[in-house]
Each structure stands twice: as structure tokens, then as C-alpha cells.
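The chain contents come next:
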Amino acid sequence: MTVRRHSGLDGARAALGTVVIIDVFRAFSTAAFCVAAGAREVVLVGDHEQALAMKAKDPDLFLTGEIGGRPIPGFDMGNSPSKIVDLDLRGRRVVQRTSAGTQGVVAAAAATEVVLGSLVVAGATVRYLRGHRAISLVAMGTAGGDDHGEDEICAAYLEQLLLDAAPARPEIALAPAAEWPDWFPRRDAELALEVDRFDFALPVTREDGLLVARPVLS
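None of these values were measured; they are calculated from a predicted model.

Procedures and definitions
- Residues numbered from 1 in each chain as written.
- Predicted model: local features only at pLDDT ≥ 70, side-chain atom pairs only at ≥ 80, totals over all residues.
- Heavy atoms only, no water.
- Axes fitted to C-alpha atoms, helices over the stretch in contact; angles between N-to-C directions.
- Helix = DSSP H or I, 4+ residues; strand = E, 2+ residues; numbered from the N terminus.
- Parallel < 35°, antiparallel > 145°, perpendicular 65-115°, else oblique.
- Left-handed = near helix turned anticlockwise from the far one by under 90°.
- Contact = heavy atoms within 4.5 Å.
- Nonpolar A, V, L, I, M, F, W, Y, C, P; charged D, E, K, R; others polar.
- Buried < 20%, exposed > 50% of the residue type's maximum accessible area, 1.4 Å probe, protein only.
- Core = buried A, V, L, I, M, F, W, Y, C linked by side-chain atoms within 4.5 Å.

Caption draft 1: Quick look at the packing of helix 6 (residues 122-129) against helix 7 (residues 149-162). For the pair helix 6 and helix 7, interaxial distance at closest approach is 10 Å and the crossing angle is 45°. With respect to helix 7, the axis of helix 6 lies oblique. The two elements helix 6 and helix 7 meet at a crossing, and its hand is right-handed. In this structure, helix 6 uses A122, V126 and L129 to contact helix 7, whose residues at the interface are Y157, L158, L161 and L162. For the contact of helix 6 with helix 7, the residue count by class is seven nonpolar, no polar and no charged.

And the structure:
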């Protein structure tokens, strides 16, 4: 097994093999919470207009995401694990658009397979990746650009697990709740840092031109 590390949109475009697109704060933590709430799948899109057009054809779709961190008008929910954790999404199809994570999935055109990465599914993701020969870990960072902090920490943790090391569980200090904006409450970050909260991985398949993530227990 070879494990390579990349960052941002350029990294996603260059990544080869099985590519793990990592977005801890908050895209793929949110996606995992949607699945845990009962969603049958998450469709990843780069364009919010595409998501809205899909909703116009199928009003039962659940749209979640953000632009610049803030909720998107016409979407059912922002990019917020703390608002999804208590929802009932049983059987629903989720469509997600974010400024970093879903852009990375769309950009990873050279990948043989894409997997969504976050700390809440870290262990399950590593178990799913066992037996894969070439793995690329892409820390997306803010809007797929700079400030990769928590995503790089997640990538390093996954890398060590894949290489059969015994890394310490990641710890990230958070500012007091009063310093967080209403569209990104501290509780979102707290939930996103719950390592191994869920026991499923989120591999992505391409179906009818769409990128679709479904849970795989591992």
C-alpha cells in the first residue's frame, strides 16, 4: 500500500488511485450525520443551481450546504451537523453542495474511486480502505484553498492508521462558543471532532452523471 498526501483543489485534481476527500469542518461530517439520520444516499454537486434544479423536479430531496459558510437560500439546511443530528431523514435522498468538500469530489476526476473523509467516520474509512494499493488523502481546507488545519490533522491520523501505527486521537482546541458565528456554531465543530462516532464509510460512485455516496458498514 502506498499513501500520498495532497491539499486543496489542486491536490484533488492531481490525486490518483483511491482518493479520500477530507472535509472535517463541515461537509463530510454533515454528510455522515445525514446518513446517520436515515438518509439513503448523499449526492455531491459543485453547483448550488444544479441542486435547486434537482429539487424542482423532486421536492422530496433534502438539500444541505453552504456558500462561504452560510446557508444557501432555497436549501433545506445549511452545512450544520448540530441541526441535522436530531432530524429524521429516513429514506430521503440528500443533495449536498459546499465550498470545499463537494468541490474536491467533483475535481477528483483522475481517481479510480473517491471516498468521503472526516473524523466521525475515520476508523470505518480505514477499514474500508484495507486492500487498496494506492491511496491519496486530500485535505481540502477552507473553500478548497488555504487553512487546511483540521483536515490535515485528519489526513495525518488516517495515514498513521493505514500504516498500522498507533496515533493519538486527534485533539483540536476550540474557541469559546461566543466567538463562533450563528451559521457555524461551536457545537458543529464539537460534533465533527467526535472520532469514530459512526461505523460506516462513505464511498462515492458515479451514476447517471451524478456522484453518489452511500454508507458501507466496515
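Text resumes after the structure shown.
Caption draft 2: Geometry of helix 2 (residues 27-36). For helix 2, the tally of buried residues reaches nine of ten residues, placing the bulk of the element in the interior. By the burial criterion, the buried members of helix 2 are A27, F28, S29, T30, A31, A32, F33, C34 and V35. With its phi angle positive at about 115°, G38 sits one or two positions after the end of helix 2.

Caption draft 3: Here's a closer look at the nonpolar core. One finds I21, F28, L44, L89, V105, L116 and V204 to be the most contacted residues of the largest nonpolar core, which totals 38 residues. Elements supplying a minimum of two residues to this core: strand 2 (18-22), helix 2, strand 3 (41-45), helix 5 (101-107), strand 7 (113-117), strand 9 (200-207) and strand 10 (210-213). Of all the elements, helix 2 adds the most residues to this core, at seven residues. For V105, the residues in contact, after removing those within four places along its chain, are I21, F28, L44, V114, L116, V204 and L211. Within the second largest apolar cluster, 26 residues are counted, among which are V115, L119, L129 and L162.

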